[in-house]
Amino acid sequence: MENLLEVILESTVVGIYLVQDGVFRYVNPAFARIFGYQPEELIDKLSPLDLVHPDDRAMAKKNIQERIEGRVPHIHSVFKGLRKDGATIWCEAYGSRIDYGGKPAIAGTLLDITERKRAEEALRESEERYRDLVEKSGLAIFVLDAEGRVIFFNRHVCELSGCEPVELEGAHLANWVHPEDRERVLDYHHRCMAGDFTVPERCEFRWPCKDGSFRHVAISVTPIVKEGHVVGSRVYLYDITEQKKLMEELEESRRTFQRTLESLNEAVLMIDTDFVLKVCNRASLEIMGVPKDQCVGKRCYKLFYGRDTVCPGCLAKRAMETKQKASELRYRPDGMILERTVYPVLD
């Protein structure tokens, strides 16, 4: 049995130690390897504190004293250790007070957790970078569980809704959609969660705010998959209120422009640089005697003169080349005199 115990102690990858009277009385090969020593360089020669980084030495000294005095029978600690070559490592130690040869001692195990600590630090830095990106992205971002309830959100969600964090935690997505848009948005979210690639990239709807107003927003949804199962979704929310307002203003400007053109008694045409008609008002259609659908989209020289190329002396061409107004009088066979003026549209 003693031989079996010795084999186990000498072959295990876990560091094992015995400390008495302030020095190591036993260390197994694994313990010595962790710190870059041979066992004989430690036993009866070095103190545990010799293997502890100065930053953690006071803590280690206190832990040893409390166990020797019996105030704390067992201690689990994580500390920075020093290897023989001066390198710093992270150690996790478990120790208990025992009686050895009639005197108090500490026996325990030790693991080198340097790689684990590095992985934890890398994960922490990654999480900090992700959190920083989420907060500084300018987007409202929230995470939903499989039931569609909020489990994470950044500050932009609070700013957009005007709500305190406690009012958002656990809320269902449906609570943040205008009733008239709710069915459509929930269907969009469900299809995104199901991996339906035919859904649009974004879904627009009205987002209710705490003060009773609404913002126009668009969301894109990314399902969160773990071990082959959808467990939630990340929702990226874009505030498009100002964009919608601008589009409405542009549309109203277009309608106003169109009404103004239609009210004029003078014929007004607009062509692009390829001489394609883009706008024809009522008066111009009456003079030309053609319906609008046969005018817009046609090249002016083809429509008016049956030509395949630009007319010689074309006023429009002259105005575009000179970037100046061009005018002329034209006499029609029916006796009508037309005064034609072309204004170039400049950037």
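I will try to describe carefully the structure that is included in this document. Predicted model, so just to flag it, every value in this text is computed and none were measured.

### So, the overall build of the chain
Part 1: Check the secondary structure of the chain and you find 12 helices and 14 strands.
Part 2: Taking the principal axes of its C-alpha atoms as reference, the chain extends roughly 135 × 45 × 35 Å.
Part 3: Buried residues in the chain amount to 33% of all 347 residues.
Part 4: In the chain, the proportion of contacts linking residues at least 24 apart, taken out of those at least 6 apart, comes to 36%.
Part 5: A total accessible area of about 21,900 Å² is found for the chain, and carbon and sulfur atoms account for 54% of it.

### Concerning the layout of surface pockets
Part 1: Approximately 1,400 Å³ is the volume attributed to the largest pocket.
Part 2: The wall of the largest pocket is formed by 40 residues, among which Leu269, Phe304, Arg340, Thr341 and Val342 lie closest to the centre.
Part 3: Elements supplying a minimum of two residues to the lining of the largest pocket: strand E11 (269-271), helix H10 (282-288), helix H11 (300-305), helix H12 (315-322), strand E13 (326-331) and strand E14 (337-342).
Part 4: Considering only residue class, the lining of the largest pocket consists of 28 nonpolar, 4 polar and 8 charged.
Part 5: Counted as a void, the second largest pocket has a volume near 190 Å³.
Part 6: The wall of the second largest pocket is formed by Val19, Asp21, Gly22, Ser47, Pro48, Leu49, Lys61, Ile64, Gln65, Ile68 and Pro104.

### Quick look at the side chain of glutamate 92
Part 1: By the element assignment, glutamate 92 lies in strand E4 (residues 88-100).
Part 2: Among the residues examined, glutamate 92 registers a relative accessible area of 9% and is labelled buried.
Part 3: Looking at glutamate 92, its side chain comes within polar contact range of the side chain of histidine 76, at 2.7 Å.
Part 4: Side chain to side chain, glutamate 92 and arginine 116 meet in a polar contact 3.3 Å long.
Part 5: Ignoring anything within four residues of it in the chain, the contact list for glutamate 92 reads His76, Ser77, Val78, Thr109, Leu110, Leu111, Ile113 and Arg116.

### Quick look at helix H8 (residues 182-193)
Part 1: Spanning 12 residues, H8 covers 16 Å between terminal C-alpha atoms, matching the ideal 16 Å at 1.5 Å per step.
Part 2: Those residues of H8 lying buried are Val185, Tyr188, His189, Cys192 and Met193. One side of H8 holds all its buried residues, which, seen down the axis, span an arc of 135°. Exposed residues lying more than 90 degrees from the buried face of H8 are Glu183 and His190.
Part 3: Contact partners of the buried residues in H8: strand E6 (140-145), strand E8 (203-208), strand E9 (214-226) and strand E10 (229-239).

### Topic: the state of the cysteines
Part 1: Going through the model one piece at a time under the given rule, you end up with 0 disulfides.
Part 2: Of all cysteine sulfurs, the one in cysteine 158 lies closest to cysteine 163, which takes part in no disulfide; the gap is 7.7 Å.
Part 3: On the basis of relative accessible area, cysteine 163 is assigned to the buried category, the value being 7%.
Part 4: The closest cysteine sulfur to the non-disulfide-bonded cysteine 314 is located on cysteine 300, 5.7 Å from its own sulfur.
Part 5: You can call cysteine 314 buried: its relative accessible area is 16%.

### Quick notes on a nonpolar patch on the surface
Part 1: A contiguous nonpolar patch, built from Leu246, Met247 and Leu250 and spanning about 300 Å² of accessible area, is present on the exposed surface.
Part 2: Here methionine 247 lies in helix H9 (residues 241-263).

### Digging into unusual backbone geometry
Part 1: Its identity is not glycine, yet aspartate 21 carries a phi of approximately 55°, on the positive side.
Part 2: Within the secondary structure, aspartate 21 is located in the loop between strand E1 (15-20) and strand E2 (23-27).
Part 3: Of note, the phi angle at phenylalanine 275 is positive, near 65°, even though the residue is not glycine.
Part 4: Here phenylalanine 275 shows up in the loop between E11 and strand E12 (277-280).

### Some thoughts on the environment of cysteine 203
Part 1: Along the chain, cysteine 203 falls in strand E8.
Part 2: Assessed through its relative accessible area of 6%, cysteine 203 is described here as buried.
Part 3: Distance in space between the C-alpha atoms of cysteine 203 and serine 96 is 62 Å, their sequence separation being 107 residues.
Part 4: Leave out the neighbours within four places in its chain, and cysteine 203 touches Arg184, Val185, Tyr188, Val217, Ala218 and Ile219.

### Concerning empty space enclosed by the protein
Part 1: Enumeration according to the criterion identifies 2 cavities of 30 Å³ or more in this entry.
Part 2: For the largest cavity, the calculated volume is near 250 Å³.
Part 3: As for the largest cavity, its lining consists of 21 residues, and the residues nearest its centre are Tyr17, Pro48, Arg67, Phe79 and Ala93.
Part 4: Looking at the lining of the largest cavity, the elements that each hand over two or more residues are E1, helix H4 (57-68), strand E3 (74-82), E4 and strand E5 (103-112).
Part 5: With 5 residues, the top contributor of residues to the lining of the largest cavity is H4.
Part 6: Residues belonging to the lining of the largest cavity are distributed by class as follows: 17 nonpolar, 3 polar and 1 charged.

### So, the nonpolar core
Part 1: Counting residues in hydrophobic clusters, the biggest one holds 27 residues, and the most contacted among them are Phe142, Trp207, Ile219 and Leu237.
Part 2: Elements with a minimum of two residues in this core: E6, strand E7 (150-153), helix H6 (155-161), H8, E8, E9 and E10.
Part 3: Excluding residues that lie within four positions of it along the chain, phenylalanine 142 makes contacts with Val150, Phe152, Phe153, Val157, Leu173, Trp207, Ser233, Arg234, Val235 and Leu237.
Part 4: Phe24, Ala32, Ile64 and Leu110 belong to the second-largest nonpolar core, a separate cluster that totals 20 residues.

Procedures and definitions
Sequence positions are assigned chain by chain, starting from 1 and proceeding in written order. Totals for whole chains, interfaces and linings use all residues, but because this is a predicted model, local features are given only for residues with pLDDT of at least 70 and pairs of side-chain atoms are given and counted only at 80 or more. Side-chain numbers here rest on the full set of heavy atoms in the structure, without hydrogens or water. What counts as a helix is a DSSP run of H or I of at least four residues, what counts as a strand is a run of E of at least two, and both are numbered from the N terminus. The rule is simple: take the accessible area with a 1.4 Å probe, protein chains only, and divide by the maximum for that residue type; under 20% is buried, over 50% is exposed, in between is partly exposed. Here, two residues are considered to be in contact whenever any of their heavy atoms come within 4.5 Å of each other. Per-residue accessibility takes into account occlusion by the displayed protein chains alone, with areas from the Shrake-Rupley method and a 1.4 Å probe. Cavities and pockets were defined on a 1 Å grid built over protein atoms only: a cavity is a set of grid points that admits a 1.4 Å probe from which the probe cannot escape, a pocket is an open set flanked by protein on both sides within 12 Å along at least five of seven lines, and lining residues are those with an atom within 4 Å of any such point. Grid points are joined across faces, edges and corners, and a volume is the space filled by probe spheres set on the points. When residues are grouped by polarity, Ala, Val, Leu, Ile, Met, Phe, Trp, Tyr, Cys and Pro land in nonpolar, Asp, Glu, Lys and Arg in charged, and all others, Gly among them, in polar. Side-chain atoms alone can form a polar contact between residues adjacent in sequence; in general such a contact is a pair of N or O atoms within 3.5 Å, and within protein one must be able to donate a hydrogen while the other accepts it. Here the expected span of a helix is defined as 1.5 Å times the quantity of residues minus one. Comment: arc refers to directions from the helix axis out to C-beta atoms. By definition, disulfides here are pairs of cysteine sulfur atoms that lie within 2.5 Å. Patch membership requires over 30% relative accessible area and the absence of a salt bridge. Like charges are linked within 9 Å, and nonpolar side chains (Val, Leu, Ile, Met, Phe, Trp, Tyr) within 5 Å. Each salt bridge in this description consists of a side-chain nitrogen of Lys or Arg and a carboxyl oxygen of Asp or Glu lying within 4 Å of one another. The set of buried Ala, Val, Leu, Ile, Met, Phe, Trp, Tyr and Cys residues whose side-chain atoms join them within 4.5 Å is what this entry labels a nonpolar core.

In short, geometric facts, not functional conclusions.
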